[in-house]
Structure formats: structure tokens, C-alpha cells
Amino acid sequence: MDVIKIIRKVDFGLLVTVFLLLCFGVLMVYSATLSEAKEGASYLTRQLIWILLGVVVLVVAALFDYNWLKHYSFVFYLLSVILLLVVVFVGRWVLGAQRWIPIGPFQFQPSEFSKIFLILFLASYLSDKEGGLKNKDFIYIFTLMALPILLVFAQPDLGTSLVLIAILFGMIFAAGATPKQILTVFLIGLTLCFFVFHFKLLEEYQIRRFLAFLYPDLDPLGAGYSLTQAKIAVGSGGFLGKGLFRGTQTNLQFIPFHHTDFIFAVVGEELGFLGALILIGLFFALIMRGVRIATLSKNMFGSLIVVGIVFMWLFQIFVNIGMNIGLMPITGIPLPFISYGGSSMIVHLIAVGLLLSVYARRFI
Amino acid sequence: MTRPIEKIQLRAAIFGLITFVAFMIILSRLWFLQVLAYGKYIELANNNRIRVISTSAPRGLIYDRNRNVLVRNRPSISVTITPLSLRGKENEVLPKLAKVLGEEVKVIKENLKKKGTDPLRPVVIKRDVSKEIVAYLKEHQADFPGVDIEIEAVRDYPYTNLAAHILGYIGEISDKELSSEEFSDYSLGEIVGKTGIESEYNYLLRGAKGEKKIEVNAVGHPLRVLEDKEAIPGYNLKLTINVKTQIIAEEALWEAIETARRQGYKNAAAGCAVVLDVNNGEIYALASYPTYDPGTFVRGISTSEWKKLNEKSSNFPLINRVVNASYAPGSTFKPFTAIAGLSEKKVSSTFKFFCTGKWTEMGEKWPKRCWERSGHGQVNIVEGISHSCDVVFYEIGYKFYKDKSEKLQEWAHYFGFGSPTGIDLPSEKEGRVPDKAWKKSFFRRDSKSQIWLPGDNVNLAIGQGDLLVTPLQLAVAYSAIANGNSIPTPHLVKSVSSYNEQVERKLNTPKKSINISSSVLKLVREGLRKVVTEGTARNAFSGFSLAVSGKTGTAEVKGKDDFAWFACYAPSDSPRYVVVVMIEQGGHGGSCPAIAARKILTQMFGISDRVPEIVTDVSR
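From a predicted model like this one, the values you see are computed outputs, not experimental measurements.

**So, the overall build of chain A**
Within chain A, the secondary structure is distributed over 14 helices and three strands. A total of 364 residues make up chain A; the buried ones form 59% of that total. Within chain A, counting contacts between residues at least 6 apart in sequence, those at least 24 apart form 74% of the total. If you sum the accessible surface of chain A, you get close to 15,100 Å²; carbon and sulfur atoms cover 74% of it.

Next comes the structure, spelled out in C-alpha cells:
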């Protein structure tokens, strides 16, 4: 194996995009947490530690032959369900939700990891359905997926369960489901949603947030508070922004969760439309790179893994930015590579590693 | 393994398209927010950073005429809750807080719900809490997130409940007040005057709110003060009241009620007294019993306390009986009937009435009696006043009736009866001078009762029937007899000055000139003088060194014991003050009320006096 061969195996476009996104994110986390005098530095160093850890996992995932994972698809499914069940028993209550499992000094968020495990499981199952999906396949898939989705939903983590649903739809579409089949499933889903609302399965705060999204002026200082403040932050950034570290909305802590869910508002405020455009451009490059790898993959399993990951990113990016600018209800989904948070960072870097693995093995 | 490359490429193109569309939606929304609507959001962001906190101005002070402080301010500690910091912990914190404060959780919750619309603005939960509570809350701060204390200026009453009905009480602005034009610049939870001077002069006492511009973070934590416009305290008011007179008046009134009760009038439990300058209408003292402590309103009054203050069994202590209640004046009205009769030539100075104790002019079927059952015999108008002979006034009243004129009513109105005196206190009663038009409208559903009967006029002439006057109206009308030329406007505020006492402004009070023939006045004054020297009040004023002219009254009220009145002015030859005392169900005017008036005059004129212990009067 000579140097040229190795270089041809690495998708440098993807690597550079991810690197730039990480730099962008670190800067924004630093800026967003600047006003928390004592903790500011620790947010930054912690984030850097996560990235370092993530890069190690990324390299491992990239070197690893993803095809080998296919044999363990059901193990991944069980693993994610078990992890989610563990949360219910030992999870630590944070902000009214059990999403974390404490491991030593760190907290580990299984629902983030379950996304990857379920992508692998779905990719493995769907890649065998070469001749198109039959009704019994749908029933099988949806029955199996309902369990982890409901477990995540019950934490309650509406955002991640929506991400799982998005991944599911993206992957069955890629696997050859016809538009008619998708539509049928979608309608069934809507009916279920109706029951969820009707029997009040949503937490009160979730309904409030949803209503606040629809009518933010109804309660500008209650549930609509985050939404209104985020919009003010982004809008007041203007074309060029107020300058890095100079966001008043951010520094005066008008935006809650400004280093996690609402980090895009910090970008919009401090770097303006231009900065947001650069970030969105990087995301676009990331997704397009992923789509390209999906088409280059030598087998359906690889393609479907990539499609699942790309769909996860696309959905998270759209919903997260959307809720920062008043397009989407507030659901608590982090922005990949940018938001502060260890589990999320590591999972997305594993995803990049998987993409690289698929890319590297496109000829073999 | 076959590669489904064609299929995946088509779908990849669709993914690309979806991504492109999604990102374009985001970008166009961003363009709208950041470029098109930039102006709006930058303004919102700037306002966001700076919070304007209004600081309440201390209310103005209230002095008596000799600059004794009647109402001042003292710092007090209020417990507040910042809604944002409490959010999500209500059920944990509020029951604990309620226990510490001795309040009901429900009440606190309602308070928060009503006033906590701004999550960053602290809501006052309880005013004027003790140091122990403050110490406890500070020690256990971690258990009470969002709970804080605030220093506020609250009302303080150095003389406790003295002059409560004059001063009035304060309280948080009500929803009704808030929606009115007058209070348009107020917000929930602010303090306003509710009654008395506090209410009437609220616009002067309130001062101007200050404004503090503070840079804060989203948790409401102040970072720095950008601008501090200090509140301007309200204007100080100097009242016409003399604290010494007020104290004596309240004491004398209370003693009079107690004495009446000891003399067998067991239902005597309420009354009032007022002292007026006959020339300019300045009120030196105004007492109403039962009374209340305006200090209890400072902390915010509880429902049960409030209920107690508005119950029949407590005799409605919040009512200022001098101004906010009207009564039948009884014989104290007779001088005005006399003036009307003399002026309208219904009776002359030399005319002799004959009182047998029974009067049957209106027919044998409707006999009227004089309170003196054995009769006064031959009496002229002066003796009629001094001995309060009913027959004399029946005659005059009946003469007016036979005239078909309403001259008697006109004269009553001339002295100010039937319309407010214009005193600077809220919700003054206007009383009632009954006439044909009134009777017709009063009994509009019952045509038989609408007819104006001779009895109506005859009753009016002795101050009974449907006549109602406020004790203040009576005092003002007696001032007119005393000064002979004008109806003064009674008032309580002498002058207004700014908080630093730099600008002082006297309030001018109009007088209404009246024209009464001097010969008529002379006769009536003679009669009033004789009431005290040889008539119905002679016992009460025996041995008194000051020349007093006055009139007793014993008003009949259906279903109740007689209401006792005494109205007088002194000194008789050059009158300076009018004193009116009334005791509900207190019996005869010549006993307890006259004694009370004597005690008040003793203080006013600084004379030493031995007031007779017990005086019995049987007149009406």
C-alpha cells in the first residue's frame, strides 16, 4: 500500500468540511459561555476534550470495515433498547427529563448513541430487501422501531424521537419504498399523533412550547420566551453581525441554553447573515459530500448507513436552525458539530468515521 | 452482490434537492430576519438589555395646623417573589413561604398570577413583615428561590387611630380603579389613598415615580445601573385640624356615648362631632365613632379583618358619620324654620303662640303633640326656640303649607341643606330636603302616596319627617347664622407644600354670600342664646364662663331610640367656632351631646371648667 493509495481512500473534502465545522463550533461555544466567568473556560476545554475523544473514535470507525457490522445488526438494536431502558432506571433527572446516564464524572446520553445503532440495524435489515419493500417488511420495521422511539419519547425527549422517525423515513425511502407506501405510513403516523394529543401523552411543557411556536405573542415571557429571545438575537445581528463575543442577547443571557440548543442564535447575532451563510454553506457541503458517498458505496448496506446519517444531520440541522429563527417549534435538538455536549459530539464524529469507512471501501 | 447504483443515484438526487430546498428556506428566513426586519430586532435587542424599573415615590406627609405630623412614612420590609426565578418550583416553595408568612397558599398564588405578568419584576407578597421573618428567610435562602425582600416606604401614624376618618386609609389599587381614567398611569400592586384625605388628595400626595435604567441579564440579575432618575416625594399637606382639639373631640364624643349608655340608652354606640371656624370653614376637629386604625391597612388587610370593619354589629367604623351619613336633624333644624317664617312674614317677633301640649290645626283626626305634654302656654318665637316648643313650629310649617308655596324648602336650600357642602373629602352625602317633586319621584309606583300632605310640611318644620342632613351640613348652616353673611365651604387642607417645603400654596375656598335681615337674625340668635341660659341646654352649660348659643335636638327615628343632637357656636356676641355633636340613639340633645360640646369649647378657648357630671334633658 503506497501513499497515493491511502490518500485516494480518504475523503479530504469531508474531512476539511468537518474540521471547519468543529472550529466554528468551538469558537461559538467559547463566545456563548464567555459571560459565565468561572465556567467559560471549562466549557471550552470540555468541548475540546469531547472533540479529541470523538476524533479517536472517528479514526477507529474509519479504519474499521463497516461490512463486518452487518452481522451484528440485531445486536445493535438490542443494545440501543437496553441502553434506553437503563436510562429509565438509573438516568439522572436533568431539566425535567431522564436523558443521561452518569459514568464517573461524565454524563452519557444514550439516546444520542441509539441513533447510530438504529441506523446500523435499519441499514442491515433494509439492504437485504433488494426487490422493494413488502407490507410485512413495513410491519416488522415499524413494530421494532416503535419500542426505542417510544422509550426516547418517554424520557421525555421529543426531539430525538422525531430524529429517529426522520431517519426511519429517509432510510425506507432510500431502500426502495414507493411514494405510495411512504404516504400510507405517514398517514398512519398522523393518526397516532392525533391520539397522542387526544390522550395527553405529551408533557405539558411540550404542548406549551408547541403552542408558543404557533402563537409566540400569546405568552412572550412564558413559553414563547426562548423563541422570542432567539429571534431577537438573530434579527439584531443584521448582515454582518455584532461581532464575535459582542452579542448582547448572548452575553446578557437573554437566550437560555445559548451554548447548546440555541447556539445558532449566537451565530446569527454575533456573525450576522454572512456568518450564518458560511455555517449553512459548510453544512450543505457536508450533506452533499454524504450524498455523494451514498452513491459511491459499493453495496446497499454502506449506502443505507450513509443515507441514515445524512438524514439525521439534515433533519437536526433544519429543525435546530428552524427553531432558532422561528420556523420550527422548540424541541431541544442540538446542532451537529456546533452545540456544546459530549454525547452529541462523539456520535456525530462516529458518523463521520462511518462515512469515511464507506468511502474508503468504495472499490473493494 | 449487485450494486443498485441506478436506484440510489435517482434517490440521491432527490435527497440533494430536499437539502437544497430546506437550506433555501432557512436562508430566506434569515434574510428576512437579519436584513429586512433588522431595524425592528435591533431595537428590541436594545430595549431588552435595559430594563426600566420604576421606583415608588414616598407619599407626602400630612400635618395638623400647628405642624404636628399626623401621617409620615417609615421604611418597612416587604417580601417579594420574582416569578422567573420561582418558575417550576411553585409547589415546593410556596407552601413553605405561606407557613413562614402566616398566609394562605391560595392567596399568594392568586397574587402572583395577577401581578406576576412580568417574570422579571418582583411581586410584593406581604408588606411590613417582622425582622424575625426576614432573618429566617435570609438564613434559608436556598429553600426559597425567587423570594426576596424589598425596602418600601409605608404609612406611619404617630397618633395611631386619631383622626382616622379625616386621614383615610391606603391600599393596593383595585382593578376597578386601575381601569379608570384617574389612575391611568398606575400599575398593579401600587398604593393609593382609598378614603379621606389620602384619597381626595391622592394626586398631590403620590409624588412622581422614579426611573432606574438597569442593564440586566435574562435571569433579571442587575449588572449595572445606567441611569437613575430619583423619585420625587409627594406634596405635604397642612390640615386645618388642631391635634389638641381633635383629641378632645374624640374623647368627649366617646365619653358622651358611654354616658348615654349608662343613662339607659343601651343602643347608643355611634356618633360624631365636628368643629368648624364659622368665618372661613376651616375644620378644627372631626370625630366619628366607632373608629378604626388606618395602620392595619399598611400590611394589607385580611379578608376577615375587612369583613369585621364592614359589619352591622361593629357599627360600620369605616363610615365618617360627619360627612358620609345623613340623619333627621330634629329640633336643631328649628332655627331655620324660624328664619324662614320671620323672613317670609309668616310670623312676627311679637306674635304669641299658645301651646296646650296638643295641636289640632290639621283637624281633630290628626292631632300633633308638643314634647312638653302639659304645654308651654303663651310663647313667642324666641321662647319657641329656647324651649324648643313644637307647636310654634307646627304653626309656621302649616302656614307655609296653606300658602301652597315651597318657601320653607327654599330657605333650607339657602342654608345649604340638600346639597353637598363641598368639603375636601370623598363621597359626601347630600342629604334631602323633601318637597312635592321629591315625593312624587320617590313614590313613583304608588300614586296615592305621592300627594304632598300638610303633615309633611309640619314635620319638616320641626326637622322630622323626610328631612335628612349630614352633621357637617348642620354645622355649616349654623356657621351662617353665626357669621350672618355667608355659607363657608368646610375644608380640611390649609396649605400644600412641596416635599422640601420650598413652595407653599394656600388653597382658597369659596364662600357663598347670603342675605338675611338683621332683625330676623337678632331674634333667632337671642333664642339660641336663651337655649343655653334658660332653655333646653341650661343644665349642660350651667356655670360655664363662655357665652354659648346653641340648639338641642332629639330626633325620632322609626324603630330606634332617639338620636341626640347639639349644635352651637361661641362666643355668642362675636362667634368664632361652631360645634355640632350627634349621638345615634343617644336620647336627648341637652344631655350628653351638649356636655361633649362644652368640653370641646373648653379646649378651644383655653378656659378652665368643671363639667357637670350628669345632666338630664327631657326636651326634644
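**A look at the overall build of chain B**
Secondary structure summary: chain B contains 21 helices and 23 strands in total. Relative to its full complement of 620 residues, chain B shows a buried share of 53%. Across chain B, every contact between residues at least 6 apart in sequence was considered, and the portion connecting residues at least 24 apart equals 71%. When the accessible surface of chain B is split by element, carbon and sulfur atoms take 51% of a total near 28,200 Å².

**A closer look at the sheet that holds strand 23 (residues 577-584) of chain B**
All names here are of chain B. Here we have five strands laid out as an open sheet, ordered 12-11-23-22-21, and antiparallel in their pairing. At either end of the open sheet lies a strand with only one pairing partner, and these are strand 12 (283-289) and strand 21 (549-555). Going from strand to strand, the sheet's axes swing by 5° on average, the running direction of each strand aside. Both strand 22 (residues 563-570) and strand 23 contribute to a ladder of seven bridges, which runs antiparallel.

**As for a nonpolar patch on the surface**
A cluster of nonpolar side chains, contributed by Phe239, Leu240, Leu274 and Leu277 of chain A together with Trp31, Phe32 and Leu36 of chain B, occupies part of the molecular surface with about 680 Å² of accessible area. When residues of the nonpolar patch are traced back to their parent elements, those giving at least two are helix 12 (263-296) of chain A together with helix 1 (5-36) of chain B. Counting residues per element, the nonpolar patch draws most heavily on helix 1 of chain B, which supplies three residues. Of note, Leu274 of chain A is situated in helix 12. Classification of Leu274 of chain A as partly exposed rests on a relative accessible area of 36%.

**Concerning the pattern of salt bridges**
Residues and elements named next belong to chain B. A full pass over the atoms with the stated rule returns 29 salt bridges over all chains. The salt bridge involving Arg74 is made with Asp156; its shortest N-O contact spans 3.6 Å. Note that Arg74 is positioned in strand 3 (residues 69-81) and Asp156 in strand 5 (residues 147-156), a separation of 82 residues in sequence. On the basis of relative accessible area, Arg74 is assigned to the partly exposed category, the value being 27%. Residue Asp156 is classed as buried on the basis of its relative accessible area, which comes to 17%. For Glu177, the salt bridge identified is with Lys194, shortest N-O distance 2.8 Å. Placement of Glu177 in helix 8 (residues 175-178) and of Lys194 in the loop between strand 7 (191-193) and helix 9 (196-200) is noted, with a sequence separation of 17 residues between them. Through salt bridges that share partners, Arg72, Arg74, Asp128, Asp156 and Arg299 make up one connected network.

**Overview of unusual backbone geometry**
Trans peptide bonds make up most of the peptide bonds, and negative phi angles are found at most residues other than glycine. All names here are of chain B. Residue Pro290 follows Tyr289 across a cis peptide bond; omega there is 0°. On the secondary structure map, Pro290 appears in the loop between strand 12 and helix 12 (303-309). At the junction of Ala570 and Pro571, the peptide bond is cis and its omega measures out at -10° in the coordinates. For Pro571, the position within the fold is in the loop between strand 22 and strand 23.

**Side note on the packing of aromatic side chains**
Enumeration over the complete set of coordinates arrives at 49 aromatic pairs over all chains. Taken together, a centroid distance of 6.3 Å and an interplanar angle of 85° make the contact between Phe239 of chain A and Trp31 of chain B edge-to-face. Placement of the pair is Phe239 of chain A in the loop between helix 10 (225-237) and helix 11 (248-251) and Trp31 of chain B in helix 1, with the two residues belonging to separate chains. For Phe239 of chain A, a relative accessible area of 38% puts it in the partly exposed group. Classification of Trp31 of chain B as partly exposed rests on a relative accessible area of 38%. Ring centres of Tyr398 of chain B and Tyr401 of chain B lie 6.3 Å apart, and the angle between their planes is 5°; on these two criteria the pair is classed as stacked. On the criterion of helical spacing, the pair formed by Tyr398 of chain B and Tyr401 of chain B is a turn pair, its members being three residues apart in helix 15 (residues 390-402).

**Regarding the nonpolar core**
Among the nonpolar cores identified, the biggest contains 136 residues, and Ile197, Phe415, Phe417, Phe541 and Leu601 of chain B are the most heavily contacted of them. It is helix 19 (residues 471-483) of chain B that contributes the most residues to this core, nine residues altogether. In this view, Phe417 of chain B contacts Phe333, Phe336, Ala412, Val433, Val469, Gln473, Leu474 and Ala477 of chain B; residues no more than four positions away in its chain are not counted. By size, the runner-up hydrophobic cluster in this structure holds 127 residues, among which are Val266, Ile293, Leu314 and Ile321 of chain A.

**Thoughts on the packing of helix 4 (residues 90-101) of chain B against helix 6 (residues 131-139) of chain B**
Residues and elements named next belong to chain B. Interaxial distance between helix 4 and helix 6 falls to 10 Å at its minimum, and their mutual angle equals 155°. Viewed along their axes, helix 4 and helix 6 adopt a mutual orientation that is roughly antiparallel. The segment helix 4 lies against helix 6, with Leu97, Val100 and Leu101 engaging Ile133, Tyr136 and Leu137. Classifying every residue of the contact of helix 4 with helix 6 gives six nonpolar, no polar and no charged.

**Topic: helix 5 (residues 110-127) of chain A**
The terminal C-alpha atoms of helix 5 of chain A, which comprises 18 residues, lie 25 Å apart, in line with the 26 Å expected from a rise of 1.5 Å per residue. Within helix 5 of chain A, 18 of the 18 residues are buried, leaving the element largely enclosed by the surrounding structure.

**Things to note about the state of the cysteines**
The tally for this structure, following the rule as stated, stands at zero disulfides over all chains. Not engaged in a disulfide, the cysteine Cys355 of chain B finds its nearest cysteine sulfur in Cys389 of chain B; these two sulfurs lie 3.8 Å apart.

**Points about helix 6 of chain B**
Residues and elements named next belong to chain B. Among all positions in helix 6, only Ile133, Val134 and Leu137 are buried. Angular distribution of buried residues about the axis of helix 6 spans 100°; they occupy a single face of the element. Opposite the buried face of helix 6, by more than 90 degrees, sit the exposed residues Lys131, Glu132 and Glu139. Elements that come into contact with the buried residues of helix 6 comprise strand 3, helix 4 and strand 5.

**Observations concerning the confidence of the model for chain B**
Chain-level pLDDT for chain B is 89 on average; 95% of the residues reach the 70-or-more range. Here the predicted complex carries an ipTM of 0.89, next to a pTM of 0.63.

**Re the pairing of strand 11 (residues 270-277) of chain B**
All names here are of chain B. With eight of its eight residues buried, strand 11 lies for the most part within the structure. Alternating residues of strand 11 divide into Ala270, Cys272, Val274 and Leu276 and Gly271, Ala273, Val275 and Asp277, and every residue in both groups is buried. One ladder, built from six bridges, connects strand 11 with strand 12; its direction is antiparallel. Bridge pairing links Ala273 to Ala287 in strand 12.

**Quick word on the packing of helix 5 of chain A against helix 14 (residues 342-360) of chain A**
Residue and element names in this part refer to chain A. One way to put it is that helix 5 packs onto helix 14 with a least axis distance of 8 Å and a crossing angle of 25°. In this view, helix 5 runs roughly parallel relative to helix 14, as classed from their interaxial angle. When helix 5 is examined against helix 14, the residues Glu112, Phe113, Lys115, Ile116 and Leu120 are found in contact with a partner set consisting of Ser343, Ser344, Ile346, Val347, His348, Ile350, Ala351 and Leu354. A per-class count over the contact of helix 5 with helix 14 returns eight nonpolar, three polar and two charged.

Reading the values: rules and limits
- Residues numbered from 1 in each chain as written.
- Chains lettered and ligands numbered in written order.
- Predicted model: local features only at pLDDT ≥ 70, side-chain atom pairs only at ≥ 80, totals over all residues.
- Heavy atoms only, no water.
- Helix = DSSP H or I, 4+ residues; strand = E, 2+ residues; numbered from the N terminus.
- Buried < 20%, exposed > 50% of the residue type's maximum accessible area, 1.4 Å probe, protein only.
- Contact = heavy atoms within 4.5 Å.
- Areas by Shrake-Rupley, 256 points an atom, 1.4 Å probe, with all protein chains shown as cover.
- Pairing = 2+ DSSP bridges.
- Axes fitted to C-alpha atoms, helices over the stretch in contact; angles between N-to-C directions.
- Patch = residues over 30% accessible without salt bridge, like charges linked within 9 Å, V, L, I, M, F, W, Y side chains within 5 Å.
- Salt bridge = Lys/Arg side-chain N within 4 Å of Asp/Glu carboxyl O.
- Phe/Tyr/Trp six-rings, centres within 6.5 Å; stacked < 30°, edge-to-face > 60°.
- Core = buried A, V, L, I, M, F, W, Y, C linked by side-chain atoms within 4.5 Å.
- Parallel < 35°, antiparallel > 145°, perpendicular 65-115°, else oblique.
- Nonpolar A, V, L, I, M, F, W, Y, C, P; charged D, E, K, R; others polar.
- Expected span 1.5 Å × (residues − 1).
- Disulfide = S-S within 2.5 Å.
- Arc of directions from axis to C-beta.
- pLDDT = per-residue confidence, 0-100.

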